[in-house]
Amino acid sequence: MHRETYENIDGEQRLMAALHSSEYRKCHQAMVMKRNHYSKEEKARIARVLQENRNYVLIGDEDYPGKLYDMQWPPLVLFYEGQLELLKRPSIGMVGARNCSAYGRRITADLAGALAKTGFVIISGGAAGIDAAAHKTTLEESGKTVCVLGCALDISYPRENEKLFSVIKKEGLVLTEYPKGFGPKKWTFPMRNRIIAALSDEIIVAEATEKSGSLHTASYGEELNRTIHAIPHEVYSASGAGTNLLIEMGAHIIIRKENLLYDLLMRNPEVLLLRIRDLNLLDLKPTMEDLEKIFCLNKVKGLYWKEKLETDLNHCFR
(Lines give C-alpha, C1' and ligand atoms only; values in the text may rest on other atoms or scores of the structure.)
Protein backbone atom coordinates (compact mmCIF):
# COMPACT_ATOMS: atom_id res chain seq x y z
CA MET A 1 0.00 0.00 0.00
CA HIS A 2 1.12 3.55 -0.68
CA ARG A 3 2.17 6.04 1.97
CA GLU A 4 -0.78 8.28 1.10
CA THR A 5 -3.25 5.53 2.03
CA TYR A 6 -1.97 5.48 5.61
CA GLU A 7 -1.61 9.25 5.84
CA ASN A 8 -5.29 9.66 4.98
CA ILE A 9 -6.41 7.47 7.87
CA ASP A 10 -7.39 9.32 11.05
CA GLY A 11 -4.61 9.40 13.65
CA GLU A 12 -6.75 7.87 16.39
CA GLN A 13 -7.73 5.01 14.09
CA ARG A 14 -4.05 4.33 13.38
CA LEU A 15 -3.17 4.55 17.06
CA MET A 16 -5.87 2.16 18.16
CA ALA A 17 -4.99 -0.35 15.44
CA ALA A 18 -1.29 -0.18 16.27
CA LEU A 19 -1.78 -0.86 19.98
CA HIS A 20 -4.74 -3.23 19.83
CA SER A 21 -4.23 -6.64 21.38
CA SER A 22 -5.63 -8.46 18.35
CA GLU A 23 -3.58 -10.11 15.60
CA TYR A 24 -1.70 -7.75 13.23
CA ARG A 25 -3.57 -8.47 10.01
CA LYS A 26 -6.98 -8.07 11.62
CA CYS A 27 -5.93 -4.71 13.06
CA HIS A 28 -4.42 -3.64 9.75
CA GLN A 29 -7.54 -4.56 7.81
CA ALA A 30 -9.85 -2.87 10.32
CA MET A 31 -7.71 0.28 10.20
CA VAL A 32 -7.69 0.46 6.39
CA MET A 33 -11.43 -0.23 6.20
CA LYS A 34 -11.98 2.28 9.04
CA ARG A 35 -14.01 -0.25 11.01
CA ASN A 36 -12.20 -0.11 14.33
CA HIS A 37 -14.41 -0.71 17.35
CA TYR A 38 -12.92 -0.84 20.83
CA SER A 39 -14.36 -1.70 24.21
CA LYS A 40 -13.80 0.53 27.26
CA GLU A 41 -11.42 -2.08 28.63
CA GLU A 42 -9.34 -2.11 25.44
CA LYS A 43 -9.19 1.70 25.34
CA ALA A 44 -8.06 1.74 28.98
CA ARG A 45 -5.34 -0.81 28.20
CA ILE A 46 -4.12 1.24 25.25
CA ALA A 47 -4.04 4.36 27.44
CA ARG A 48 -1.78 2.52 29.89
CA VAL A 49 0.54 1.47 27.07
CA LEU A 50 0.85 5.09 25.96
CA GLN A 51 1.70 6.23 29.47
CA GLU A 52 4.56 3.72 29.61
CA ASN A 53 5.79 4.35 26.05
CA ARG A 54 6.11 8.07 25.41
CA ASN A 55 8.34 7.95 22.31
CA TYR A 56 6.64 6.31 19.37
CA VAL A 57 5.85 6.93 15.72
CA LEU A 58 2.76 5.59 13.92
CA ILE A 59 2.45 4.45 10.35
CA GLY A 60 1.19 7.43 8.38
CA ASP A 61 2.94 9.97 10.64
CA GLU A 62 5.28 12.50 9.07
CA ASP A 63 8.28 11.02 10.90
CA TYR A 64 7.48 7.39 10.05
CA PRO A 65 10.46 5.91 8.12
CA GLY A 66 9.66 6.10 4.42
CA LYS A 67 11.65 2.96 3.59
CA LEU A 68 9.22 0.82 5.60
CA TYR A 69 6.44 1.56 3.12
CA ASP A 70 8.26 -0.77 0.73
CA MET A 71 7.09 -3.67 2.90
CA GLN A 72 3.86 -5.56 2.28
CA TRP A 73 3.10 -5.56 6.01
CA PRO A 74 4.92 -2.61 7.58
CA PRO A 75 4.92 -2.13 11.37
CA LEU A 76 1.97 -0.06 12.56
CA VAL A 77 4.03 1.52 15.32
CA LEU A 78 7.68 1.88 16.32
CA PHE A 79 8.79 2.65 19.85
CA TYR A 80 12.18 4.32 19.99
CA GLU A 81 14.84 6.05 22.01
CA GLY A 82 17.44 8.24 20.34
CA GLN A 83 17.76 10.10 17.04
CA LEU A 84 14.85 9.09 14.80
CA GLU A 85 16.15 11.37 12.02
CA LEU A 86 18.99 8.89 11.39
CA LEU A 87 16.50 6.76 9.46
CA LYS A 88 16.46 9.38 6.71
CA ARG A 89 20.20 8.96 6.01
CA PRO A 90 21.94 6.48 3.68
CA SER A 91 22.30 3.29 5.69
CA ILE A 92 23.98 -0.09 5.51
CA GLY A 93 22.63 -3.15 7.32
CA MET A 94 25.32 -5.38 8.79
CA VAL A 95 24.28 -8.79 10.11
CA GLY A 96 25.84 -12.14 10.89
CA ALA A 97 26.39 -15.00 13.30
CA ARG A 98 26.06 -14.71 17.07
CA ASN A 99 28.80 -17.29 17.58
CA CYS A 100 31.11 -15.68 15.08
CA SER A 101 34.72 -16.52 14.27
CA ALA A 102 37.66 -14.18 14.88
CA TYR A 103 37.78 -13.65 11.11
CA GLY A 104 34.11 -12.67 10.97
CA ARG A 105 34.48 -10.25 13.87
CA ARG A 106 37.63 -8.71 12.37
CA ILE A 107 36.19 -8.12 8.91
CA THR A 108 32.98 -6.75 10.41
CA ALA A 109 34.92 -4.24 12.51
CA ASP A 110 37.07 -3.26 9.53
CA LEU A 111 34.08 -2.63 7.24
CA ALA A 112 31.85 -1.02 9.86
CA GLY A 113 34.66 1.33 10.86
CA ALA A 114 35.32 2.40 7.28
CA LEU A 115 31.63 2.91 6.51
CA ALA A 116 30.93 4.80 9.72
CA LYS A 117 33.97 7.00 9.17
CA THR A 118 32.57 8.13 5.81
CA GLY A 119 29.09 8.86 7.16
CA PHE A 120 26.96 5.78 6.55
CA VAL A 121 24.51 4.81 9.28
CA ILE A 122 25.11 1.20 10.36
CA ILE A 123 21.96 -0.79 11.13
CA SER A 124 21.99 -4.11 12.97
CA GLY A 125 20.02 -6.18 15.46
CA GLY A 126 21.90 -5.84 18.74
CA ALA A 127 22.71 -9.55 18.99
CA ALA A 128 25.99 -10.97 20.26
CA GLY A 129 28.78 -11.56 17.74
CA ILE A 130 28.64 -9.78 14.37
CA ASP A 131 25.82 -7.38 15.32
CA ALA A 132 27.60 -6.20 18.46
CA ALA A 133 30.90 -5.81 16.59
CA ALA A 134 29.22 -3.61 13.98
CA HIS A 135 27.55 -1.40 16.60
CA LYS A 136 30.64 -1.08 18.80
CA THR A 137 33.04 -0.24 15.99
CA THR A 138 30.67 2.39 14.64
CA LEU A 139 30.49 4.05 18.06
CA GLU A 140 34.27 3.90 18.41
CA GLU A 141 34.50 5.91 15.17
CA SER A 142 31.97 8.44 16.54
CA GLY A 143 29.63 7.22 13.82
CA LYS A 144 25.88 6.69 13.81
CA THR A 145 24.26 3.33 14.41
CA VAL A 146 20.69 2.03 14.64
CA CYS A 147 19.76 -1.04 16.68
CA VAL A 148 16.49 -2.85 15.92
CA LEU A 149 15.38 -5.02 18.83
CA GLY A 150 13.32 -8.20 18.97
CA CYS A 151 11.95 -7.15 22.37
CA ALA A 152 10.95 -4.01 24.26
CA LEU A 153 13.25 -1.04 24.88
CA ASP A 154 13.40 -1.74 28.62
CA ILE A 155 14.65 -5.31 28.16
CA SER A 156 18.33 -5.97 27.45
CA TYR A 157 18.66 -9.07 25.31
CA PRO A 158 21.27 -10.38 25.30
CA ARG A 159 22.17 -9.18 28.80
CA GLU A 160 25.84 -8.82 27.85
CA ASN A 161 24.93 -5.93 25.54
CA GLU A 162 23.09 -3.88 28.17
CA LYS A 163 25.78 -1.16 28.27
CA LEU A 164 25.96 -1.14 24.47
CA PHE A 165 22.20 -0.52 24.19
CA SER A 166 22.50 2.32 26.70
CA VAL A 167 25.20 4.04 24.65
CA ILE A 168 23.31 3.60 21.37
CA LYS A 169 20.21 5.20 22.91
CA LYS A 170 22.30 8.28 23.68
CA GLU A 171 24.42 8.47 20.53
CA GLY A 172 22.33 6.66 17.92
CA LEU A 173 18.88 5.07 17.81
CA VAL A 174 17.24 1.98 19.30
CA LEU A 175 13.79 0.98 18.05
CA THR A 176 11.30 -1.84 18.29
CA GLU A 177 7.74 -2.84 17.45
CA TYR A 178 7.10 -3.99 21.02
CA PRO A 179 5.92 -1.95 24.04
CA LYS A 180 7.72 -1.97 27.39
CA GLY A 181 7.66 -5.28 29.21
CA PHE A 182 7.49 -7.40 26.04
CA GLY A 183 10.23 -10.02 26.14
CA PRO A 184 11.97 -11.72 23.22
CA LYS A 185 10.21 -14.65 21.55
CA LYS A 186 11.43 -17.03 18.89
CA TRP A 187 9.20 -15.36 16.30
CA THR A 188 10.16 -11.76 17.14
CA PHE A 189 13.63 -12.09 15.61
CA PRO A 190 12.46 -12.82 12.04
CA MET A 191 10.10 -9.87 12.50
CA ARG A 192 13.06 -7.73 13.60
CA ASN A 193 15.10 -8.93 10.62
CA ARG A 194 12.49 -7.73 8.13
CA ILE A 195 12.70 -4.23 9.63
CA ILE A 196 16.51 -4.23 9.44
CA ALA A 197 16.26 -5.21 5.76
CA ALA A 198 13.68 -2.53 4.96
CA LEU A 199 15.52 0.29 6.74
CA SER A 200 18.81 -0.55 5.01
CA ASP A 201 19.70 0.77 1.57
CA GLU A 202 22.15 -2.12 1.17
CA ILE A 203 22.90 -5.17 3.34
CA ILE A 204 26.19 -6.85 4.24
CA VAL A 205 26.14 -10.42 5.58
CA ALA A 206 29.49 -10.87 7.28
CA GLU A 207 29.24 -14.46 8.48
CA ALA A 208 26.41 -16.99 8.49
CA THR A 209 25.77 -20.72 8.57
CA GLU A 210 23.42 -22.28 6.03
CA LYS A 211 20.49 -22.00 8.48
CA SER A 212 21.34 -18.60 9.91
CA GLY A 213 18.71 -15.94 10.56
CA SER A 214 21.01 -13.55 8.72
CA LEU A 215 20.03 -15.31 5.50
CA HIS A 216 16.42 -14.39 6.30
CA THR A 217 17.48 -10.75 6.51
CA ALA A 218 19.18 -11.10 3.12
CA SER A 219 16.07 -12.76 1.71
CA TYR A 220 13.82 -9.96 2.98
CA GLY A 221 16.26 -7.45 1.52
CA GLU A 222 16.21 -9.16 -1.86
CA GLU A 223 12.40 -9.04 -1.90
CA LEU A 224 12.64 -5.30 -1.26
CA ASN A 225 15.23 -4.78 -4.02
CA ARG A 226 18.04 -4.02 -1.58
CA THR A 227 21.58 -4.77 -2.78
CA ILE A 228 23.05 -7.75 -0.90
CA HIS A 229 26.79 -8.06 -0.18
CA ALA A 230 28.53 -11.05 1.39
CA ILE A 231 31.97 -11.80 2.84
CA PRO A 232 33.69 -14.89 1.35
CA HIS A 233 34.82 -17.62 3.75
CA GLU A 234 36.93 -20.75 3.46
CA VAL A 235 35.20 -23.52 1.53
CA TYR A 236 35.34 -25.85 4.55
CA SER A 237 34.12 -23.23 7.02
CA ALA A 238 30.71 -24.21 8.43
CA SER A 239 30.33 -20.79 10.07
CA GLY A 240 30.68 -19.10 6.68
CA ALA A 241 28.77 -21.57 4.53
CA GLY A 242 25.76 -19.27 4.40
CA THR A 243 27.69 -16.28 3.08
CA ASN A 244 29.40 -18.45 0.47
CA LEU A 245 25.95 -19.65 -0.57
CA LEU A 246 24.74 -16.06 -0.94
CA ILE A 247 27.69 -15.31 -3.21
CA GLU A 248 26.93 -18.40 -5.27
CA MET A 249 23.34 -17.14 -5.60
CA GLY A 250 24.45 -13.73 -6.87
CA ALA A 251 25.25 -11.56 -3.85
CA HIS A 252 28.00 -9.00 -4.37
CA ILE A 253 31.28 -10.41 -3.08
CA ILE A 254 33.39 -8.11 -0.90
CA ILE A 255 37.10 -8.52 -1.55
CA ARG A 256 38.47 -5.05 -0.75
CA LYS A 257 36.79 -2.43 1.42
CA GLU A 258 38.06 0.31 -0.93
CA ASN A 259 36.03 -1.20 -3.77
CA LEU A 260 32.95 -1.34 -1.55
CA LEU A 261 33.43 2.26 -0.46
CA TYR A 262 33.84 3.37 -4.06
CA ASP A 263 30.55 1.74 -5.09
CA LEU A 264 28.67 3.11 -2.08
CA LEU A 265 30.05 6.63 -2.41
CA MET A 266 29.16 6.68 -6.09
CA ARG A 267 25.56 5.92 -5.11
CA ASN A 268 25.49 8.08 -1.96
CA PRO A 269 28.03 10.94 -2.29
CA GLU A 270 26.01 13.09 0.12
CA VAL A 271 27.05 11.00 3.14
CA LEU A 272 30.44 12.67 3.34
CA LEU A 273 28.88 16.10 3.81
CA LEU A 274 26.63 14.69 6.54
CA ARG A 275 29.72 13.26 8.23
CA ILE A 276 31.56 16.58 7.96
CA ARG A 277 28.62 18.31 9.64
CA ASP A 278 28.43 15.65 12.37
CA LEU A 279 32.08 16.28 13.19
CA ASN A 280 31.67 20.08 13.04
CA LEU A 281 34.41 20.39 10.41
CA LEU A 282 32.72 22.94 8.14
CA ASP A 283 34.11 25.91 10.07
CA LEU A 284 37.62 24.64 9.34
CA LYS A 285 36.92 24.80 5.59
CA PRO A 286 38.70 21.50 4.85
CA THR A 287 40.17 20.81 1.40
CA MET A 288 39.63 17.57 -0.49
CA GLU A 289 43.15 16.56 0.46
CA ASP A 290 42.33 17.12 4.13
CA LEU A 291 39.16 15.06 3.87
CA GLU A 292 40.82 12.16 2.08
CA LYS A 293 43.24 11.92 4.99
CA ILE A 294 40.58 12.32 7.69
CA PHE A 295 38.29 9.72 6.16
CA CYS A 296 41.08 7.43 4.89
CA LEU A 297 39.86 7.71 1.30
CA ASN A 298 43.27 7.93 -0.40
CA LYS A 299 42.87 4.45 -1.89
CA VAL A 300 39.25 4.95 -2.96
CA LYS A 301 39.26 5.86 -6.64
CA GLY A 302 36.57 7.74 -8.53
CA LEU A 303 35.78 11.27 -9.65
CA TYR A 304 32.02 11.57 -9.28
CA TRP A 305 31.79 11.45 -5.49
CA LYS A 306 34.80 13.80 -5.18
CA GLU A 307 33.29 16.30 -7.58
CA LYS A 308 29.94 16.07 -5.80
CA LEU A 309 31.59 16.67 -2.42
CA GLU A 310 33.61 19.62 -3.74
CA THR A 311 30.41 21.15 -5.14
CA ASP A 312 28.59 20.68 -1.83
CA LEU A 313 31.48 22.14 0.14
CA ASN A 314 31.78 25.18 -2.14
CA HIS A 315 28.06 25.76 -1.68
CA CYS A 316 28.43 25.57 2.11
CA PHE A 317 31.43 27.95 2.14
CA ARG A 318 29.68 30.72 0.20
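Residues numbered from 1 in each chain as written. Predicted model: local features only at pLDDT ≥ 70, side-chain atom pairs only at ≥ 80, totals over all residues. Heavy atoms only, no water.

Chemist: Help me out: how do you make sense of the sheet that holds strand β1 (residues 56-58) in this one?
Modeler: Hydrogen bonds between backbone atoms are what pair the strands of a sheet, whose relative direction is either parallel or antiparallel. Spatially, β1-β2-β6-β5-β4-β3-β7-β8-β9 is the arrangement adopted by the nine strands of the open sheet, whose pairing is mixed. Across the chains shown, the open sheet's two edge strands, defined by having one partner strand only, are β1 and β9 (252-253). Relative to strand β5 (residues 145-148), strand β4 (residues 121-124) is paired through three bridges, and the arrangement is parallel. Residue Ile122 lies in a different strand from β5, and its bridge partner there is Thr145. (Pairing = 2+ DSSP bridges. Helix = DSSP H or I, 4+ residues; strand = E, 2+ residues; numbered from the N terminus.)

Chemist: What's the story with the packing of helix α5 (residues 102-117) against helix α6 (residues 130-140) in this structure? I'm lost.
Modeler: In a pair of packed helices, the angle between the axes and the distance between the axes together describe the arrangement. With their axes 8 Å apart at the nearest point, α5 and α6 run at an angle of 35 degrees to one another. Our pair here, α5 against α6, has a crossing hand that is right-handed. Contacts from Gly104, Arg105, Thr108, Ala109, Ala112, Gly113 and Ala116 of α5 reach α6 at Ile130, Ala133, Ala134, Thr137 and Thr138. Grouping the amino acids of the contact of α5 with α6 by side-chain chemistry returns six nonpolar, five polar and one charged. (Axes fitted to C-alpha atoms, helices over the stretch in contact; angles between N-to-C directions. Left-handed = near helix turned anticlockwise from the far one by under 90°. Contact = heavy atoms within 4.5 Å. Nonpolar A, V, L, I, M, F, W, Y, C, P; charged D, E, K, R; others polar.)

Chemist: What's the story with unusual backbone geometry in this structure? I'm lost.
Modeler: Residues apart from glycine generally show negative phi values, whereas peptide bonds are mostly found in trans. Here the amide bond leading from Tyr157 into Pro158 is cis, since omega sits at 0 degrees, within 30 degrees of zero. Of note, Ser142 is a non-glycine position whose phi angle comes to about 60 degrees, a positive value. Relative to the helices and strands, Ser142 resides in the loop between α6 and β5. Judged by relative accessible area, Ser142 falls into the partly exposed class, the value being 49%. (Buried < 20%, exposed > 50% of the residue type's maximum accessible area, 1.4 Å probe, protein only.)

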